[in-house]
Amino acid sequence: MNIDNGNLQFNRYQTGTIGNARPENVAANNTQTASGNAALAQAQEGQTFTGRIVDVNGSQVTIQMDGNMMLQARMAEAVNLNMGDTIAFLVKENSENTVMIQPIASDMQAMKDQTIFDLLEKNQLSPSDKNYQIAETLLNENMPVDRASMQKVLQQAYKYPDTPIQTLVSMNKMQLPVTEQTIAGFEQYQTNQHAMMQALSGMTEELTAYMSEPDSMREMLQVLSDAQDLPVLDADAMLQELEQTTCDVMFAQGAVSAGDQLQATDMTGNPPVLSAEQLTTYAEKFGMTEEQLTGLTKQLQDMHFDAQTIQTVLAKSDTTMQLANHLQALVAGAADKSMINAETMKEFFTSDGMKELLAAAVKEKFTLNPEKMQNPQEVSDLYKGIYEKMDRLMQQMSSHTGSSGEHLSESAKGMQERIDFLQNLSNLFPYAQIPVRMEGGDRNADLFVYMNKKRMQEKKEDVSALLHLDMEYLGPTDVHVSLRGTMVHTKFYVEDEESAKIIDAHMTQLEQAIAENGYSLTNEVIMREPTLHPDTEKNAVVKEMFGDDIEKSVKRYSFDVRM
């Protein structure tokens, strides 16, 4: 078949030298390669052509076609190709972005088998199906196929028989320890179920549901609280003061004698406890909406707590968890003194307002706001705090025999295993997952720095990082940042034109912020092809860590040789 040169433009294509080409021939070889890539991109499915293998470098091969045009292709599977071999190829697929070619020589499988059997014989290993599969996978991952590597994977395969060989080989390639916990963590990343925010949201729901009883709430608040969350208000003193100021009547709104129980009543005629300004300030402080906080204060009014008491509790609470502790002590204390009955107390603790407050308090412990993300120590402290709380939770639940206690304990253990796996990853290269608390909802962020920790001291002039965010208005967004000297270059990868316009509209703010720190900025916004499977498609950070290329999703032509 004769493939003519065309004018097809590419976003990206690879060029390279052939064998040991002299420097003066490099430009000509690059031009030949670009022409060959462009020419083949116009081929129709089912067409054939013959090419000679002129270079083999790992999984990359260079094929010389008619007219001395060169084609660079990637071998999908290991096969024993020799320079000088002439092979017929079939154009298997020519989609918008990918041209797939496939050798049609009848003995290709035999060549591949012979390559692997020779390796097994060289390493004095039997040609069993398991050994064949391990050797084949090691070859495909460009890893050494020696006796030590083979035996290591084989032992792991027998120890974890349900784990795919591909998973074991990939984990060894990344130098991850192979245990039940790390296998589970690795597979979560492979299936896009790794997001810490998703697991933390599930844990928040479990903990909030568990705190539906007064005793359970007090117990769990103690488990989750840090030193700054402990109550600073004396609930007994506050209740005693309320009794005294109403002259033997418990609260000013009730006409009930001291010692009688007050029922929750509708206090819609009462003026609001908080001004508009106070409402906004406290809602932001405690991670609630203004409507949620208004509902909570109204519930307290309905139980005849006066405005001064409610305002004091809000003003003296420094954290959302501390506010939850104060309200639990105040309302439970009122029940102990027979100021309200047990049913009224239970209704308050199981109300939507209290559930929303508890959920906000737990999220406060499990997430960071964007301001704190600027300090790397905050991320480390966050995970250390979560790990310690999960430890305390498991210890607390060890004395519970009910199914809810067992389930919470299992969830806490699973959370610790997730953090352990993150630690394993961060030991290999700078990577962090950051559960972010934002006004529009909680989000998961992945950050990956392109630098092996072992080489961080060797080369400091160039640094690149990749950030993945799932944003409410932008959708899945990948940001590639590179730094050279004082020059910062950013690439924003988005999936639609509207997202690109939003980024462009705010780019001046980013330029100003970077300039204030002594750097200058250049920027690109790139629209990529939307993913067909958003629920299972790995984000760009995970792809990079596991050896993929972020720009594979950008429109371009690649040439795969399928065996």
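Look up a bit, the structure's there.
Everything numeric in this text was worked out from a predicted model, so none of it was measured.

Criteria and cut-off values
Sequence positions are assigned chain by chain, starting from 1 and proceeding in written order. The predicted nature of this model means local features are confined to residues of pLDDT at least 70 and side-chain atom pairs, given and counted, to a pLDDT of 80 or more, with totals for whole chains, interfaces and linings taken over all residues. Excluded from the side-chain calculations are hydrogens and water; all other atoms, namely the structure's heavy atoms, are used. What counts as a helix is a DSSP run of H or I of at least four residues, what counts as a strand is a run of E of at least two, and both are numbered from the N terminus. Under the scheme applied here, a residue whose accessible area is under 20% of the maximum for its type counts as buried, over 50% as exposed, and between as partly exposed, the area being computed with a 1.4 Å probe on protein chains only. Residue contacts are counted whenever heavy atoms from the two residues lie within 4.5 Å of one another. Only the protein chains shown count as cover for residues, with accessible areas throughout obtained via the Shrake-Rupley method and a probe of 1.4 Å. The axes used here are C-alpha line fits, helices contributing only the stretch in contact, and every angle between their N-to-C directions lies in the interval 0 to 180 degrees. An angle counts as roughly parallel when it lies under 35 degrees, as roughly antiparallel when it exceeds 145, as roughly perpendicular when it falls between 65 and 115, and as oblique in every other case. Handedness of a helix crossing follows the sense of rotation of the near helix relative to the far helix, less than a right angle counterclockwise being left-handed and clockwise being right-handed. Charged means Asp, Glu, Lys or Arg here, nonpolar means Ala, Val, Leu, Ile, Met, Phe, Trp, Tyr, Cys or Pro, and polar covers whatever is left, Gly included. By definition here, a salt bridge exists when the distance from a side-chain nitrogen of Lys or Arg to a carboxyl oxygen of Asp or Glu is within 4 Å. In this scheme Phe, Tyr and Trp rings, the latter by its six-membered ring, pair at centre separations within 6.5 Å, and the angle between planes marks the pair as stacked below 30 degrees, edge-to-face above 60, and tilted otherwise. Polar contacts, as used here, are pairs of N or O atoms within 3.5 Å; protein pairs need one atom able to donate a hydrogen and one able to accept it. Residues neighboring in sequence count only if both atoms are side-chain atoms. To define a nonpolar core, start from buried Ala, Val, Leu, Ile, Met, Phe, Trp, Tyr and Cys residues and group those joined through side-chain atoms within 4.5 Å. The criterion for strand pairing is that DSSP finds at least two bridges linking the strands in question. To obtain the arc, one takes the directions from the helix axis to the C-beta atoms.

Trainee: When you look at the overall build of the protein chain in this model, what are you seeing that I'm missing?
Mentor: A count of helical and extended segments in the protein chain gives 20 helices and twelve strands. A burial count over the protein chain gives 44% of its 563 residues as buried. Taking as baseline every contact in the protein chain between residues at least 6 positions apart, the subset at least 24 positions apart corresponds to 64%. Of the roughly 29000 Å² that the protein chain leaves accessible, carbon and sulfur atoms contribute 47%.

Trainee: Just to check I follow, could you spell out the environment of Met 345 for this structure?
Mentor: Take Met 345: it is sitting in helix 14 (residues 342–349). Considering only alpha carbons, one finds Met 345 and Gly 333, twelve residues apart in sequence, at a separation of 9.9 Å.

Trainee: Whenever I open this one, the packing of helix 3 (residues 129–140) against helix 5 (residues 165–173) confuses me. Can you help?
Mentor: Helix-helix packing is described using two parameters, namely the angle between the two axes and the distance between the axes. Running from N to C, helix 3 and helix 5 point in directions that differ by 45 degrees, and their axes come no closer than 10 Å. Compared by their axis directions, helix 3 and helix 5 come out oblique. Helix 5 is crossed by helix 3, and the crossing has right-handed handedness. Here Lys 130, Gln 133, Ile 134, Thr 137 and Leu 138 of helix 3 lie close against helix 5, whose contacting residues are Ile 165, Gln 166 and Val 169. By residue class, the composition of the contact of helix 3 with helix 5 is four nonpolar, three polar and one charged.

Trainee: Looking at this structure, how should I read the pattern of salt bridges?
Mentor: Charged atoms that come close allow side chains of opposite charge to pair. The tally for this structure, following the rule as stated, stands at eight salt bridges. Two residues, Asp 215 and Arg 218, come together in a salt bridge whose shortest N-O distance is 2.7 Å. Of this pair, Asp 215 and Arg 218 both sit in helix 8 (residues 214–224), three residues apart, which is roughly one turn of that helix. Of the residues examined, Asp 215 reaches a relative accessible area of 54% and is grouped as exposed. A salt bridge links Lys 389 to Asp 226, with the nearest nitrogen and oxygen atoms 2.9 Å apart. Of this pair, Lys 389 sits in helix 16 (residues 376–397) while Asp 226 sits in the loop between helix 8 and helix 9 (235–245), and the two are 163 residues apart along the sequence. By relative accessible area, Lys 389 is classed as buried at 3%. Look at Asp 226 and you get partly exposed, because its relative accessible area is 23%.

Trainee: Can you help me understand the packing of aromatic side chains in this one?
Mentor: Geometrically, a pair of aromatic rings is defined through the distance of the ring centres and the angle of the planes. Evaluation of the coordinates by the stated rule reveals four aromatic pairs. With centroids separated by 5.4 Å and ring planes inclined at 50 degrees, the aromatic side chains of Tyr 189 and Phe 421 adopt a geometry described as tilted. Residue Tyr 189 is found in helix 6 (residues 180–190), and its partner Phe 421 is found in helix 17 (residues 403–428); the two are separated by 232 residues along the sequence. On the basis of relative accessible area, Tyr 189 is assigned to the buried category, the value being 3%. Phe 421 sits in the buried class, given a relative accessible area of 3%. Both rings, one in Tyr 282 and one in Phe 286, keep their centres 6.1 Å apart while their planes meet at 15 degrees; by these two values the pair is stacked. Residue Tyr 282 is classed as buried on the basis of its relative accessible area of 13%.

Trainee: It is not clear to me how the side chain of His 468 should be interpreted in this structure. Could you clarify?
Mentor: Position of His 468 relative to the elements: it lies in strand 8 (residues 462–471). At a separation of 2.6 Å, a polar atom in the side chain of His 468 contacts the side chain of Asp 478.

Trainee: Any chance you could explain the environment of Asp 229 here in plain terms?
Mentor: In this fold, Asp 229 is placed in the loop between helix 8 and helix 9. Sequence separation between Asp 229 and Asp 318 is 89 residues; the distance between their C-alpha atoms is 7.6 Å. Once you skip the residues sitting within four places of it in the chain, Asp 229 turns out to touch Leu 224, Thr 319, Met 321, Gln 322, Asn 325 and Lys 365.

Trainee: Looking at this structure, I do not really get the nonpolar core. What am I missing?
Mentor: Buried together is how nonpolar side chains tend to be arranged in soluble globular proteins. If you look at the biggest cluster of nonpolar residues, it comprises 101 residues, and the most contacted ones within it are Met 203, Leu 207, Met 220, Phe 305, Val 331 and Leu 393. Ranked by residues supplied to this core, first place goes to helix 13 (residues 320–336) with nine residues. Ignoring any residue separated from it by four or fewer positions in sequence, one finds Leu 393 in contact with Met 203, Leu 207, Met 220, Val 223, Leu 408 and Ala 412. Formed by 16 residues, the second largest nonpolar core is a distinct cluster that contains Phe 49, Met 65, Ile 87 and Ile 101.

Trainee: How should I be thinking about unusual backbone geometry in this particular structure?
Mentor: As a rule of thumb, non-glycine residues mostly have phi less than zero, and peptide bonds are mostly trans rather than cis. At Asn 142, a residue that is not glycine, the phi angle is positive and equals roughly 55 degrees. Topologically, Asn 142 is positioned in the loop between helix 3 and helix 4 (147–159). Phi at His 304 takes a positive value of approximately 75 degrees, unusual for a residue other than glycine. Within the secondary structure, His 304 sits in the loop between helix 11 (290–302) and helix 12 (307–315).

Trainee: I tried to follow the pairing of strand 8 on my own but got confused; where do I start?
Mentor: Within a regular strand, the side chains alternate between the two sheet faces. Pairing of strand 8 with strand 9 (residues 475–484) involves ten bridges; the strand directions are antiparallel. Each bridged residue has a counterpart across the sheet, and for Val 463 the counterpart in strand 9 is Leu 483. The loop that links strand 8 with its antiparallel partner strand 9 comprises three residues.

Trainee: It is not clear to me how the side chain of Asn 172 should be interpreted in this structure. Could you clarify?
Mentor: The topology assignment puts Asn 172 in helix 5. Setting aside its immediate chain neighbours within four residues, Asn 172 contacts Met 143, Lys 152, Val 153, Gln 156 and Val 178.

Trainee: I'm lost on helix 6 in this one. Help?
Mentor: Residues spaced three or four apart along an α-helix point in a common direction, a consequence of the helix completing one turn every 3.6 residues. Those residues of helix 6 that sit buried are Thr 182, Ile 183, Gly 185, Phe 186 and Tyr 189. Buried residues of helix 6 fall within an arc of 165 degrees about the axis and therefore sit on the same side.

Trainee: Quick question: what am I supposed to make of helix 14 here?
Mentor: For helix 14, every residue scored as buried is listed here: Thr 344, Met 345, Phe 348 and Phe 349. Along helix 14, the residues classed as buried sweep out an arc of 135 degrees about the axis, all on the same side. Each element contacted by the buried residues of helix 14 is listed here: helix 8, helix 11, helix 13 and helix 15 (352–366).

Interpretation in functional terms is not warranted from these geometric data alone.
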